[in-house]
Amino acid sequence: MSRPGTKGVPRERREEQILDIATCEFGERGYAEASVAEIATAAGVSKPLVYAYFGSRDGLHAACVHRAGKSLIDAVAAAQFAQGAHDRALATLTGIFRALDGRTQNWKIIYDATLPRSSAAYSVAREYRNALNGMGAAGVSQVLADAGISDDDDHSLLLALWFSIVSTTISWWSDHPGHTPDQMTARCLRLFTTIRATTL
């Protein structure tokens, strides 16, 4: 990875460069394996400077999660204004894809399974997971209500399926980055429609 260089760069811009690199590092390797020293080297700064800016490893991770989480929360919240469960689900997917365009690591750092449960990093990520999961649960409730279904286990299973589909799709997109957010939404709609048609 090339060093971006930081001489004469304003602190705000330098912090963004560090966060970009740290998000990739945490996303690709997980919290447990990510190296702050390598993040600093890739950013062209010293490790002590990273700690001076963010306080600690957890502080750096939290800053990455806050930036990623806010973008996703705003996108999903905006999608809730779509009318009808079907359009709201599509708007939610589109919002997520647009928020993650070129930044699929943002999803990975929020849902990182390597985060120690006792760490501050886990607590910060959990706040955003809970917010995203809460909006997902509300969307699933609306879908089932529109279909006249009120079974709690159906809700639980559909929510698990929704999360799995979104996470798997984002992972696939990460490995196949040559697709726009709108293309990803269209692909999902096409496949969902095909699956529905084959099960009727």
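Before reading on, note that the structure itself is shown above.
Here the structure is a predicted model, which is why all the values come from computation and not from measurement.

1. Description of the overall build of the protein
A count of helical and extended segments in the protein gives 9 helices and 0 strands. Counting helices and strands in the order they occur from the N terminus, the protein gives α-α-α-α-α-α-α-α-α. Projected onto the principal axes, the alpha-carbon positions of the protein cover approximately 60 × 35 × 30 Å. The burial tally for the protein puts 42% of its 200 residues in the buried class. When contacts within the protein are restricted to residue pairs at least 6 apart in sequence, those whose partners lie at least 24 apart make up 63%. Accessible surface for the protein amounts to roughly 10800 Å². Of this, 56% is attributable to carbon and sulfur atoms. In the protein, 20 positive and 21 negative side-chain charges are present, and the distance between their average locations comes to 8 Å.

2. Digging into the environment of Thr-92
With respect to the helices and strands, Thr-92 occurs in helix H5 (residues 85–99). In contact with Thr-92, not counting residues within four places along its chain, are Val-76, Ala-79, Gln-80 and Trp-162.

3. A short note on the packing of H5 against helix H8 (residues 152–175)
Two elements in contact, H5 and H8, have axes whose closest approach is 12 Å; the angle formed by their N-to-C orientations is 35 degrees. Considering only the axes of H5 and H8, their crossing is right-handed. Contact residues: Ala-89, Thr-92, Leu-93, Ile-96 and Phe-97 in H5; Trp-162, Val-166, Thr-169, Ile-170 and Trp-173 in H8. Partitioning the contact of H5 with H8 into residue classes produces 8 nonpolar, 2 polar and no charged.

4. A word on helix H1 (residues 11–33)
Along an α-helix, residues three or four positions apart point the same way, because every turn accommodates 3.6 residues. The terminal C-alpha atoms of H1, which comprises 23 residues, lie only 27 Å apart, well short of the 33 Å expected from a rise of 1.5 Å per residue. Along H1, the largest kink reaches about 75 degrees and is centred on Gly-27. Of all the residues in H1, the buried ones are Arg-14, Gln-17, Ile-18, Leu-19, Ile-21, Ala-22, Thr-23, Glu-25, Phe-26, Gly-27, Gly-30 and Tyr-31.

5. With respect to a nonpolar patch on the surface
Residues Leu-157, Leu-161, Ile-165, Leu-191, Phe-192 and Ile-195 make up a contiguous nonpolar surface patch of about 530 Å² in total accessible area. Within the residue set of the nonpolar patch, elements represented by two or more residues are H8 and helix H9 (181–199). The residue Leu-161 is located in helix H8 in this model. Overall, the relative accessible area of 42% leaves Leu-161 in the partly exposed class.

Basis of the calculations
Residues numbered from 1 in each chain as written. Predicted model: local features only at pLDDT ≥ 70, side-chain atom pairs only at ≥ 80, totals over all residues. Heavy atoms only, no water. Helix = DSSP H or I, 4+ residues; strand = E, 2+ residues; numbered from the N terminus. Buried < 20%, exposed > 50% of the residue type's maximum accessible area, 1.4 Å probe, protein only. Contact = heavy atoms within 4.5 Å. Areas by Shrake-Rupley, 256 points an atom, 1.4 Å probe, with all protein chains shown as cover. Lys, Arg positive; Asp, Glu negative; His and termini not counted. Charge placed at Lys NZ, Arg CZ, Asp CG, Glu CD. Axes fitted to C-alpha atoms, helices over the stretch in contact; angles between N-to-C directions. Left-handed = near helix turned anticlockwise from the far one by under 90°. Nonpolar A, V, L, I, M, F, W, Y, C, P; charged D, E, K, R; others polar. Expected span 1.5 Å × (residues − 1). Bend = angle between axes of the 7 residues up to and from the residue. Patch = residues over 30% accessible without salt bridge, like charges linked within 9 Å, V, L, I, M, F, W, Y side chains within 5 Å. Salt bridge = Lys/Arg side-chain N within 4 Å of Asp/Glu carboxyl O.

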